[in-house]
Amino acid sequence: MGLFSRLFGGNKDEKKVEVEPVEYKGYLIYQEAMPEGGQYRIAGRITKELDGEVKTHRFIRSDVLSSQTDADEFMLKKAQMFIDQMGDTIFQ
């Protein structure tokens, strides 16, 4: 399945796996590596409640790694660095 199929509605029969978020400095980080060609693309979400509204920043990186665990760990580190550098401006 291609990248656009996964982003915009690919296989409707696939089960959506609930991801347990990691809390970091008031943000919730969801590690959501995407399977692709036997590897895993680094992807995820960062959310935070601001003024009573949950804001979300979703990203998909070009990096692919051989295991889902490695992709999720790399995503977590990148998300933490992004939060440290950008703060709430990531939602603008």
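Refer to the structure printed above.
Presented here is a report on the structure given in the accompanying data block. Bear in mind that the values here come from a model prediction, so they are computed numbers and not experimental data.

Remarks on helix 2 (residues 68-86)
When the terminal C-alpha atoms of helix 2 are compared, their 26 Å separation across 19 residues agrees well with the 27 Å that a helix rising 1.5 Å per residue should span. Where helix 2 is concerned, the buried positions are Ala71, Asp72, Met75, Leu76, Ala79 and Ile83. Each buried residue of helix 2 lies within a common arc of 140 degrees when the element is viewed along its axis, so the set occupies one face. Residues of helix 2 that are exposed and angled more than 90 degrees away from the buried face: Lys77 and Gln85. Looking at the buried residues of helix 2, the elements they touch are strand 1 (22-24), strand 2 (27-31), strand 4 (39-50) and strand 5 (53-65). At the C-terminal side of helix 2, Gly87 shows a positive phi close to 60 degrees.

Some points on the pattern of salt bridges
Counted under the stated rule, the structure contains seven salt bridges. A salt bridge links Asp84 to Lys25, with the nearest nitrogen and oxygen atoms 2.8 Å apart. Here Asp84, found in helix 2, pairs with Lys25, found in the loop between strand 1 and strand 2; they are 59 residues apart in sequence, far enough to count as distant. The partner of Arg41 in a salt bridge is Glu36, with the nearest N and O atoms 2.5 Å apart. When salt bridges with common partners are traced through the structure, they connect Glu32, Arg45 and Arg58 into a single cluster.

Cut-offs applied
Residues numbered from 1 in each chain as written. Predicted model: local features only at pLDDT ≥ 70, side-chain atom pairs only at ≥ 80, totals over all residues. Heavy atoms only, no water. Helix = DSSP H or I, 4+ residues; strand = E, 2+ residues; numbered from the N terminus. Expected span 1.5 Å × (residues − 1). Buried < 20%, exposed > 50% of the residue type's maximum accessible area, 1.4 Å probe, protein only. Arc of directions from axis to C-beta. Contact = heavy atoms within 4.5 Å. Salt bridge = Lys/Arg side-chain N within 4 Å of Asp/Glu carboxyl O.

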